[in-house]
Amino acid sequence: SLTKMKMDATSSSSASSASTKLLEATYEGHCDWVNDVAVMDGSVLISCSNDRTVRIWDALWNPKEDGVDEQEVPVNGKNIESGRSGHLRTLRGHGDYVMALATASRARMFASAGLGGQLMMWDLETTKPIFSSTANVSSSGSIDGGSSASHSASSIYCVDCTSDGKVLA
């Protein structure tokens, strides 16, 4: 079965206890657990999953404006009737579960990281990897990008970067 990401946003004012729904959309396409999501510039949604992929979505996609009937059955991230789902691209390159994402909005790049210590930086416009590295953690806890027999690969569960993409942590 397909994994769904349901995005809901609600707002409530102090003058009223009632909540107003601002946005609701369901993004379907991953075939395993979704581990992280990131929003870039309010218009792009990025997700990563145990299915070893990173997916890019149109964060402003509105199924009701697209004429999508909520009862229609999606297949492979596409709606059978409309051919639309908000899904823009599927990126492959990770050899194991992808656990974390970080965006560098000013540079229009994002990072993905996961099990096995794999870290990738992607160009949002071309959707091509800028670099890929396997981080190795030594017994002292320091990280290097090299591959040494004295180091064992470790998994990465979180990642962050500056908006210009020059610092990745």
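See above for the structure.
Residues numbered from 1 in each chain as written. Predicted model: local features only at pLDDT ≥ 70, side-chain atom pairs only at ≥ 80, totals over all residues. Heavy atoms only, no water.

Undergrad: Would you mind showing me how to read the pairing of strand S3 (residues 34–40) here?
TA: Consecutive side chains of a regular strand alternate in pointing toward one face of the sheet and then the other. With 6 bridges connecting them, S3 and strand S4 (residues 44–49) associate as antiparallel partners. When the sheet's bridge partners are listed, Val37 is paired in S4 with Ser47. (Pairing = 2+ DSSP bridges. Helix = DSSP H or I, 4+ residues; strand = E, 2+ residues; numbered from the N terminus.)

Undergrad: Before we go on, may I ask you to explain the sheet that holds S3 in this structure?
TA: Across a sheet, strands are paired by hydrogen bonds formed along the backbone, either parallel or antiparallel in direction. Strand order in the open sheet made by the 4 strands is S3-S4-S5-S8, with antiparallel pairing throughout. Every other strand in the sheet has two partners, leaving S3 and strand S8 (87–92) as the edge strands with one partner each. Along the sheet, successive strands turn relative to each other by an average axial angle of 20°, direction set aside. Taken together, the 5 bridges between strand S5 (residues 53–58) and S8 define a ladder with antiparallel strand orientation. (Axes fitted to C-alpha atoms, helices over the stretch in contact; angles between N-to-C directions.)

Undergrad: Honestly, the sheet that holds strand S10 (residues 109–114) in this entry has me stumped. Any pointers?
TA: Read from one edge to the other, the open sheet built from 4 strands follows the order S9-S10-S11-S12, with strand pairing classed as antiparallel. Edge strands, defined here as strands with exactly one partner in the open sheet, are strand S9 (98–104) and strand S12 (129–134). On average, adjacent strands in this sheet sit at an angle of 15° to one another, irrespective of strand direction. Pairing analysis gives 5 bridges linking S10 to strand S11 (residues 118–123), with the strands arranged antiparallel.

Undergrad: It is not clear to me how the side chain of Thr90 should be interpreted in this structure. Could you clarify?
TA: Position of Thr90 among the secondary structure elements: in strand S8. Side chain to side chain, Thr90 and Arg55 meet in a polar contact 3.3 Å long. For Thr90, the side chain forms a polar contact with the side chain of His87, separated by 2.9 Å. Thr90 has contacts with Thr53, Val54 and Arg55, leaving out every residue within four places of it along the chain. (Polar contact = N/O pair within 3.5 Å; in protein donor to acceptor, adjacent residues only side chain to side chain. Contact = heavy atoms within 4.5 Å.)

Undergrad: So what exactly am I meant to see when it comes to unusual backbone geometry here?
TA: Positioned with a positive phi, Asp41 is a non-glycine residue whose angle comes to about 55°. Along the chain, the position of Asp41 falls in the loop between S3 and S4. Judged by its relative accessible area of 47%, Asp41 falls in the partly exposed class. Notably, Arg108 is not glycine yet its phi reads approximately 55°, a positive angle. Looking at the secondary structure, you find Arg108 in the loop between S9 and S10. For Arg108, a relative accessible area of 26% puts it in the partly exposed group. (Buried < 20%, exposed > 50% of the residue type's maximum accessible area, 1.4 Å probe, protein only.)

Undergrad: Would you explain the environment of Ala59 in this entry?
TA: Structurally, Ala59 is set in the loop between S5 and strand S6 (74–75). Overall, Ala59 belongs to the buried group, its relative accessible area being 15%. Measuring from C-alpha to C-alpha, the distance between Ala59 and Asp41 comes to 9.5 Å, with 18 residues separating the pair along the chain. Among all residues touching Ala59, those that are not within four sequence positions of it are Tyr27, Gly42, Ser43, Val44 and Leu45.

Undergrad: So what exactly am I meant to see when it comes to the pairing of S5 here?
TA: For S5, a buried count of 5 out of 6 residues is recorded, marking the element as mostly surrounded by other parts of the structure. Here S4 folds back onto S5 in antiparallel fashion, the turn holding 3 residues, of which Arg52 has a positive phi close to 70°.

Keep in mind these values describe shape, not function.
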